[in-house]
Amino acid sequence: MNEKEFNEQLFPKDIFFSPSLIIDTFNHYVNQAESKTKSKHEALQYVLHHRNTKKLKEMWVAAVFVLGTEAMGSDKYWITPCDDNAPDVIAICHKPHPTIANSNRAEQLFIEITEWNSNSKEELSEIISKKTTRKKYPNCYQIVVHITGSVNFDMENIIIDSGSNEYGVWLLYSVESDDNLVTYRITRVTQVKTEVLINLEESVKIDRVRKYPPLLQRKKRKGMHLDISEKNISIPQLDD
């Protein structure tokens with residue numbers, strides 16, 4: 001199975017996924033690989049570097065980012081990959097329609113994802129500058145920089161000048177916690193600085209309860225009205 005076939009099966013068109021379902025799916029592949037490698041680290045590396053998992057990794061980053069976004073507000077988001085060049089992922093939140101009774105409309109976040117490793121020869125600011133100057137992103141975009149490796153510099157004082165643009169640039173990275181649980185810090189470094197810490201395991205547990213059904217199908221009707229119904233999918237195998 002090639003990457004296109006894998007994504008078409010894992011991410012059917014017009015289906016939105018709860019963040020917890022995406023994280024659970026990613027963990028499913030890691031656990032499946034660990035049963036063969038007998039090593040959590042090797043299993044994780046296998047999934048991260050598999051030829052078919054680029055979009056799954058982007059969806060995982062978007063899922064963690066959305067859980068952080070929800071921790072800063074009351075909205076509930078589902079996510080779906082985007083087939084176009086940009087953004088990478090679309091997050092959707094349903095709110096009461098202002099003019100149509102007993103109806104909802106969608107509010108969207110457009111999420112563009114980039115990766116940066118702390119061992120990279122390029123500075124973090126250089127990576128962000130390349131990302132933001134190469135394209136003129138609309139103000140509705142959220143650019144999420146997923147940082148991997150050892151974060152051993154002063155993240156608190158990183159501020160990115162976005163000029164007159166109002167799009168968000170966010171840093172997402174894991175931090176050590178006193179309880180040894182997986183904790184992520186999500187920090188906005190443009191405009192008004194905002195940040196949140198989330199315990200990933202607890203956030204996923206909460207999300208499983210808040211988002212039912214975890215899979216939603218979008219059906220377009222006249223205007224912006226959205227009809228949401230439950231949908232099921234199958235999970236393809238990661239071939240060696």
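A short tour of the structure in this document, coming up. Everything numeric here is computed off the predicted structure, so don't read it as measured data.

1. Some words on the environment of Met-1
Relative to the elements of secondary structure, Met-1 occurs in the segment before helix H1 (3-10). Residue Met-1 is classed as partly exposed on the basis of its relative accessible area of 36%. Each C-alpha atom of the pair Met-1 and Asp-240 lies 9.9 Å from the other, and the pair is 239 residues apart in sequence. Once residues within four sequence positions are removed from consideration, Met-1 is found in contact with Phe-6, Gln-9, Arg-51, Asn-52, Pro-236 and Asp-239.

2. Considering the side chain of Gln-142
Examined against the element boundaries, Gln-142 turns out to sit in strand E5 (residues 141-148). Within polar-contact distance, the side chain of Gln-142 engages the side chain of Trp-170 at 2.8 Å. Non-local contacts of Gln-142, meaning those with residues more than four positions away in its chain, are made with Phe-65, Leu-109, Phe-110, Ile-111, Glu-112, Gly-168 and Trp-170.

3. Observations regarding the packing of helix H2 (residues 19-37) against helix H4 (residues 54-71)
Closest axis-to-axis distance for the H2/H4 pair is 8 Å, and the angle between their directions is 135°. By the angle between their directions, the pair H2 and H4 is classed as oblique. Handedness of the H2/H4 crossing: left-handed. Of the residues in H4, those touching H2 at Pro-19, Ile-22, Ile-23, Phe-26 and Tyr-29 are Leu-56, Lys-57, Met-59, Trp-60, Ala-63, Val-64, Val-66 and Leu-67.

4. Let's talk about the layout of surface pockets
Rolled over the atoms, a probe with the dimensions of a water molecule shows which regions are left empty. Quantified by volume, the largest pocket comes out at close to 1100 Å³. If you trace the largest pocket, you find 38 residues lining it, with Phe-26, Leu-44, Trp-60, His-146 and Tyr-184 closest to the centre. When contributions to the lining of the largest pocket are tallied by element, the ones reaching two or more residues are H2, helix H3 (40-48), H4, strand E4 (104-117), E5, strand E6 (168-175), strand E7 (183-188) and helix H6 (200-210). With six residues, the single largest contributor to the lining of the largest pocket is H2. Its boundaries defined by the atoms lining it, the second largest pocket holds a volume of some 470 Å³. Lining the second largest pocket are 16 residues, with Phe-11, Lys-13, Pro-81, Cys-82 and Asp-83 sitting closest to its centre. Looking at the lining of the second largest pocket, the element that brings in the most residues is H1, giving four residues. Here the lining of the second largest pocket is built from residues that sort into five nonpolar, two polar and nine charged.

5. A closer look at the packing of aromatic side chains
For the coordinates displayed, the defined rule picks out six aromatic pairs. Ring centres of Trp-60 and Tyr-184 lie 5.8 Å apart, and the angle between their planes is 70°; this geometry places the pair in the edge-to-face category. Of this pair, Trp-60 sits in helix H4 while Tyr-184 sits in strand E7, and the two are 124 residues apart along the sequence. Just as Trp-60 is buried, Tyr-184 falls in that class too. Each ring, one from Phe-110 and one from Tyr-141, has its centre 5.7 Å from the other, and the planes form 15°; the classification is stacked. Here Tyr-141 lies in strand E5 and Phe-110 lies in strand E4, a separation of 31 residues in the sequence. Here a set of aromatic residues connected by ring pairs shows up, and it is made of Phe-26, Trp-60 and Tyr-184. Against the face of Trp-78 rests Lys-211, its NZ or CZ located 5.3 Å from the ring centre.

6. A few points about the nonpolar core
Counting residues in each nonpolar core, the largest one holds 42 residues, and the members touching the most others are Ile-79 and Ile-111. Among the elements that take part in this core, H4 stands out by supplying 10 residues, more than any other. Every residue in contact with Ile-111, bar those within four places of it in the chain, is listed here: Ala-62, Phe-65, Val-66, Pro-87, Asp-88, Val-89, Ala-91, Gln-142 and Val-144. Within the second largest apolar cluster, 17 residues are counted, among which are Leu-124, Ile-127, Tyr-137 and Tyr-141.

So, how was this worked out
Residues numbered from 1 in each chain as written. Predicted model: local features only at pLDDT ≥ 70, side-chain atom pairs only at ≥ 80, totals over all residues. Heavy atoms only, no water. Helix = DSSP H or I, 4+ residues; strand = E, 2+ residues; numbered from the N terminus. Buried < 20%, exposed > 50% of the residue type's maximum accessible area, 1.4 Å probe, protein only. Contact = heavy atoms within 4.5 Å. Polar contact = N/O pair within 3.5 Å; in protein donor to acceptor, adjacent residues only side chain to side chain. Axes fitted to C-alpha atoms, helices over the stretch in contact; angles between N-to-C directions. Parallel < 35°, antiparallel > 145°, perpendicular 65-115°, else oblique. Left-handed = near helix turned anticlockwise from the far one by under 90°. 1 Å grid on protein atoms, 1.4 Å probe; cavity = no way out; pocket = protein on both sides within 12 Å on 5 of 7 lines; lining within 4 Å. Points joined across faces, edges and corners; volume = space filled by probe spheres on them. Nonpolar A, V, L, I, M, F, W, Y, C, P; charged D, E, K, R; others polar. Phe/Tyr/Trp six-rings, centres within 6.5 Å; stacked < 30°, edge-to-face > 60°. Lys NZ or Arg CZ within 6 Å of the ring centre and 35° of its normal. Core = buried A, V, L, I, M, F, W, Y, C linked by side-chain atoms within 4.5 Å.

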